[in-house]
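So the chains spell out like this:
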Amino acid sequence: MSQPYSKKIAGYAVCCISALAVVTFSQMSQADAASMTFSVTGTNSASNNALASSVVFDDLLNPGKLTVTLTNMKNVSVPSDVLTSVFWDYAGSPLNLSLISATAATVTQKTSSTTTNNVNLLNTPTNGKEWAFASTTNSAGLSGITQDYGLGTAGLGIFQGLGGQQQFNYGIIDGYNANANPAIKGGSFVDNSATFVLSGLPTNFDISKIGSVRFQYGTNLSEPSIIKAQGNYYSPPPPPPKQVPEPGTTAALGLFAVGAFKVVRKKSLVVA
């Protein structure tokens, strides 16, 4: 048998083994995260600016934890346009959650034209902790509102241990309007969205029980807020059934591969 022909048989064998590997690995799949999304729109009567925000609650992105992504989709002119907190209820047994991570891809400051990337909102360079979590088991809800859980950067008589002088600092915006006032131009703001991770989810946690979400703007509970009672639940469809090759096909491919290697080995010994 010529050397090129030996290589050809070996190539066929490798292809067969590769095909088996592809079949095996193609059976692996990864489930997408289940989530609840709440989106709101409105108008700030103080500035006449449109308001639009969303929050996504995800319980599988970080197993055993609740990931919350809060987004402001509008430019701002005054502090009451700034998204400073989000609150929600859970229609189940009380949750014992702890905030373990709060991050912003970008923080911007207009006056100094500075941009800082990958900011830890629990330990900012100048003011330390800028976002906090609060919860209560009081049936009346957190102080001044009806919801039991919340994340915020303004104190609002609810959140404790926050740094900084201006309560709207590190609130969320999506850019600046041309008529932005000096307070806005001089502030530091999360650009577009921030992501929070809460630990302590029970094994029977049901994300579809999150509801009555309140989006709060500004630094006072009397400033604009919008409540969304129900969100959009998403759970990925189950993966398709595994496509396992017929036993006869698998055996044939394996025997061919082994046989091909024996032929190549035998001919190599004869040539030697």
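Scroll up to find the structure this text is about.
Okay, so let's go over this structure. (Residues numbered from 1 in each chain as written. Predicted model: local features only at pLDDT ≥ 70, side-chain atom pairs only at ≥ 80, totals over all residues. Heavy atoms only, no water.)

Quick word on the overall build of the protein chain
Stage number 1. In terms of helices and strands, the protein chain carries three helices and 14 strands.
Stage number 2. Taken across its 272 residues, the protein chain has 40% of its residues classed as buried.
Stage number 3. Sequence separation of at least 24 residues holds for 66% of the intrachain contacts in the protein chain that already meet a minimum separation of 6.
Stage number 4. With the model as given, the accessible surface of the protein chain reaches about 14400 Å², and the carbon-plus-sulfur share is 53%. (Helix = DSSP H or I, 4+ residues; strand = E, 2+ residues; numbered from the N terminus. Buried < 20%, exposed > 50% of the residue type's maximum accessible area, 1.4 Å probe, protein only. Contact = heavy atoms within 4.5 Å. Areas by Shrake-Rupley, 256 points an atom, 1.4 Å probe, with all protein chains shown as cover.)

Let's talk about the packing of aromatic side chains
Stage number 1. In the structure shown here, the tally under the stated rule is nine aromatic pairs.
Stage number 2. With centroids separated by 5.8 Å and ring planes inclined at 15°, the aromatic side chains of F168 and F189 adopt a geometry described as stacked. Placement of F168 in the loop between β8 (149-152) and β9 (172-173) and of F189 in strand β10 (residues 188-191) is noted, with a sequence separation of 21 residues between them.
Stage number 3. Considering the side-chain rings of Y176 and F189, the 6.5 Å spacing of their centres and the 70° angle between planes classify their relative orientation as edge-to-face. Pair noted here: Y176 is in the loop between β9 and α2 (182-186) and F189 is in strand β10, with a separation of 13 residues, a long-range link.
Stage number 4. Through a chain of ring-to-ring contacts, the aromatic side chains of F38, F57, W88, F133 and Y149 assemble into a single cluster. (Phe/Tyr/Trp six-rings, centres within 6.5 Å; stacked < 30°, edge-to-face > 60°.)

Side note on the environment of T111
Stage number 1. Mapped onto the secondary structure, T111 falls in the loop between β5 (98-109) and β6 (114-120).
Stage number 2. Overall, T111 belongs to the exposed group, its relative accessible area being 57%.
Stage number 3. Between the C-alpha atom of T111 and that of G186, which follows or precedes it by 75 residues, the distance is 5.3 Å.
Stage number 4. In contact with T111, other than residues within four places in its own chain, are K185 and G186.
Stage number 5. Only 2.7 Å separates the side chain of T111 from the backbone oxygen of K185, close enough to count as a polar contact. (Polar contact = N/O pair within 3.5 Å; in protein donor to acceptor, adjacent residues only side chain to side chain.)

Here we look at the nonpolar core
Stage number 1. Core analysis: the biggest nonpolar cluster contains 39 residues, and F57, W88, L121, L151, F196 and I210 have the highest contact counts within it.
Stage number 2. Breaking this core down by element, the ones donating at least two residues are β1 (35-44), β2 (49-58), β3 (65-72), β4 (83-90), β5, β8, β11 (193-199) and β12 (210-217).
Stage number 3. Those residues within four positions of W88 in sequence are excluded, and the remaining contacts are F57, F133, Q147, D148, Y149, G150, L151, L198, I210, G211, S212 and V213.
Stage number 4. One finds A134, I145, I158 and F159 within the second-largest nonpolar core, a separate group that totals nine residues. (Core = buried A, V, L, I, M, F, W, Y, C linked by side-chain atoms within 4.5 Å.)

Section: the environment of L121
Stage number 1. Looking at the secondary structure, you find L121 in the loop between β6 and β7 (132-135).
Stage number 2. For the pair L121 and Y170, spaced 49 residues apart in sequence, the C-alpha to C-alpha distance is 8.0 Å.
Stage number 3. Contact partners of L121, with chain neighbours within four places excluded, come to A102, T103, A104, G128, K129, E130, W131, Y170, V190, A194 and F196.

That is the geometry; function is a separate question.
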